[in-house]
Amino acid sequence: MLREISLLCLAAGVCALDTTAAWQLMISQPLVCGTLAGFLVGFPDAGVFIGVVLQLLWSGSMPVGALPMPDAPVGTISGVWLAAILLGSGQAVSTSFSQLAGLLAAMCIALVGRWTIVWERELSSRLFQRIRARFSSGKTVNPDVTQALTLTVSFLRGALLCLIAVGVLYAIALALVAAGNVVEIDYKLVVLVVQGLAIGVLIPVFARRAKGRLPAFAGGVALALVVRNLIG
Amino acid sequence: MGQEMEEKSMGKAGLLTLVIRSFYLQAGWNYESLQALGFAYIMSSAGRRIASGGEAARKFFERHLALFNTNPVLASYIIGATAKLEEEHARGKTSSAEIETLKSALAVPLASVGDRFFWASLRPIAGLLGVLTAGVVGGVGALVLLATYNTFHLYYRIKGVFRGYALGTGVVSEVARLRIPSFSHHVGWIGAFALGVLLVAAVHGWQLVWRREAVFVLPCVALASGLLPESLRKRITEIALVVGVVGLLLTAGGLLG
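Sequence positions are assigned chain by chain, starting from 1 and proceeding in written order. By the order in which they are written, chains take letters starting at A while ligands take numbers starting at 1. Reporting of local features is limited, given that this is a predicted model, to residues whose pLDDT is at least 70; pairs of side-chain atoms are given and counted only at 80 or more, and all residues count toward the totals for whole chains, interfaces and linings. Note: side-chain values were computed over all heavy atoms of the structure, leaving out hydrogens and water.

K.L.:
What is the right way to read the overall build of chain B from this model?
P.N.:
We count a stretch as a helix when DSSP gives it H or I for four or more residues in a row; a strand needs E for two or more, and each element gets its number in order from the N terminus. Regarding its fold elements, chain B presents 13 helices and zero strands. Ordered by position in the sequence, the α and β elements of chain B form the string α-α-α-α-α-α-α-α-α-α-α-α-α. Evaluated residue by residue, chain B yields a buried proportion of 56% over its 257 residues. Sequence separation of at least 24 residues holds for 72% of the intrachain contacts in chain B that already meet a minimum separation of 6. Under the convention used here, a 1.4 Å probe and the Shrake-Rupley method define accessible areas, while residue burial counts only the protein chains that appear. Carbon together with sulfur atoms contributes 62% to the accessible area of chain B, which is approximately 10300 Å² in total. Summary of the burial criterion: residues with accessible area below 20% of their type's maximum are buried, those above 50% are exposed, and those between are partly exposed, where the area comes from a 1.4 Å probe applied to protein chains only. In what follows, a contact means two residues having at least one pair of non-hydrogen atoms within 4.5 Å.

K.L.:
Quick question: what am I supposed to make of the confidence of the model for chain A here?
P.N.:
Low pLDDT marks regions whose predicted coordinates should not be analysed in detail. Residues and elements named next belong to chain A. One confidence number per residue, pLDDT, is output by the predictor and ranges from 0 to 100. On average, residues of chain A carry a pLDDT of 80, and 73% of them reach 70 or more. Here helix α7 (residues 188-209) stands out as the element of chain A with the lowest mean pLDDT, 52, in contrast to helix α2 (residues 30-41), whose mean of 94 is the highest. Confidence over residues 182-191 falls short of pLDDT 50; this stretch has 28 contacts with residues more than four positions distant or in other chains.

K.L.:
Looking at this model, I keep getting lost on the packing of aromatic side chains. Mind explaining?
P.N.:
Here a ring pair, both rings aromatic, is described through the centre-centre distance and the interplanar angle of the planes. Residue and element names in this part refer to chain B. Each pair of aromatic rings taken from Phe, Tyr and Trp, with Trp reduced to its six-membered ring, is defined by centres within 6.5 Å and is described as stacked if the planes are under 30 degrees apart, edge-to-face if over 60, and tilted in the remaining cases. Taken as a whole, this structure holds nine aromatic pairs over all chains when the rule is applied. Seen from their ring centres, F39 and F68 are 4.5 Å apart, and the 45° between their planes marks the pair as tilted. On the criterion of sequence distance, the pair formed by F39 in helix α3 (residues 36-50) and F68 in the loop between α4 (55-63) and α5 (75-90) is long-range, its members being 29 residues apart. F68 carries the same exposure label as F39, and that label is buried. Ring pairing ties together the aromatic residues F117, F118, Y149, F152, Y155 and Y156, which thus form one cluster. Between the NZ or CZ atom of K84 and the centre of the ring of Y165, over which it lies, the distance is 5.0 Å. Charge-over-ring contacts are defined here by two conditions on Lys NZ or Arg CZ: a distance within 6 Å of the ring centre and an angle within 35 degrees of the ring normal.

K.L.:
Where do I start with the nonpolar core in this structure?
P.N.:
The set of buried Ala, Val, Leu, Ile, Met, Phe, Trp, Tyr and Cys residues whose side-chain atoms join them within 4.5 Å is what this entry labels a nonpolar core. Residues M10, L18, L110, F118 and Y149 of chain B are the most contacted members of the largest nonpolar core, which totals 60 residues. Element by element, the count of residues in this core is highest for helix α6 (residues 96-137) of chain B, at 13 residues. Ignoring any residue separated from it by four or fewer positions in sequence, one finds F118 of chain B in contact with N71, V73, L74, R123, Y149, F152, H153 and Y156 of chain B. Formed by 43 residues, the second largest nonpolar core is a distinct cluster that contains I50, A72, L82 and I85 of chain A.

K.L.:
Mind showing me how you'd approach unusual backbone geometry here?
P.N.:
Working note: non-glycine residues mostly have negative phi, and peptide bonds are mostly trans. All names here are of chain A. Not every positive phi belongs to a glycine, and W23 is a case in point at roughly 65°. Positionally, W23 belongs in the loop between α1 (2-21) and α2. Its identity is not glycine, yet Q24 carries a phi of approximately 55°, on the positive side. For Q24, a relative accessible area of 4% translates into the label buried.

K.L.:
Please explain α2 of chain A as it appears in this structure.
P.N.:
At 3.6 residues per turn, the α-helix brings residues three or four places apart onto the same side. A rise of 1.5 Å per residue sets the reference length of α2 of chain A, with its 12 residues, at 16 Å; its end C-alpha atoms lie 16 Å apart and thus fit the reference within 8%. Counting buried positions over the 12 residues of α2 of chain A gives nine, a clear majority of the element. Within α2 of chain A, the full set of buried residues consists of P30, L31, V32, C33, G34, T35, A37, G38 and V41 of chain A. Tucked into the core, α2 of chain A has its buried residues touching α1, α3 (44-57) and α4 (72-87) of chain A together with α6 and α7 (140-167) of chain B. Helices are assigned an expected span. That span is 1.5 Å times one less than the residue count.

Encoded structure:
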């Protein structure tokens, strides 16, 4: 358990660094960190599912300028962690319930994380003001030290947010499980209804707004149908 | 004199250090000076090689603490060119004003080109490719995303520093000729194509990794491909939370009674 906590907090810290502060190799993308967290906790499918949904959800948001984005990596890792705790808790919790709970937790934590990012930037602003003041008084500053400080703050923000969020949400989820007597239900009806709605609503939206996207959509449908017929 | 000139050169090791440090440009991102803390950190490695100590080193660092903001990947061109100009400044061939002018002249166009390509085009496309792959082979999707994005990312990071250093002020015309394609308007097409594939897959119950959860994946693909009005997309997380809560309640059999 301690090993799992350490690994996930480490992953959250590293992915938080990748978002803005360092590298930007995109290991902070929900699909990547969700998959990673899924493998770390032993539930890869839950990790991939949560990662996929969040990847699609936030693929349009751009980390440009001062705009604070949802803290996607910390949210995703925390969400996968929560789903894994629920799946492995021995309670009568369905896979769908666990994954959905993880997904919702991920979104909530990402929104809270957005404000911790703002706080981190304000802290960097204060650091910058102190450096300017030192220069004004004729003193020197070692940039390596300031850089190490900002990287440490960024890492700790991600790791601690993940730890605290999962602790709090686990307690809430257990209470919800106890109160709701969660059991596996037939999910097919829900899936059919919402798919019907999706098809009914989205295709007219396509036709009206999408212009060149309509042929692309038709191409996708055609390809999938051909493949389906080929493989039966 | 010759030995002194050699001492005040970056060399390959120095340029490689700049490449490595360029990955930390945004570490001290703040509202006062944006990327200036990171830029000063990157250039300090050049400063140790080029600038003589004391007052020159202090002025060197202070010069790079001025407000700075650009695309973090294409910033590598500015880093390389600035290192070259600092080298010439140490030899007395360039003024500090020229260095500052070069930085500010390049920051805006590179931000525009870089943000459109890396953030608005490459990242969503890499994400969609990753998602489609993940639908069939699970965890491999993450690797596809990483490989797609980083092929371009690392190429421009490394090339930028070396080209910038080789060209010095000439990097301005190089940047003007830079033909980095923008696929931002193709992102919607790729999203639409993915939606078509997934729709058929979901309706026919293919053995996708998230077959049952396609109910949530499909609307997300539609949103990602920019099909819904901008006003709805701004509140996407909040809308998704509401949809998710409804789904959670429906999933919890006990709550359905």
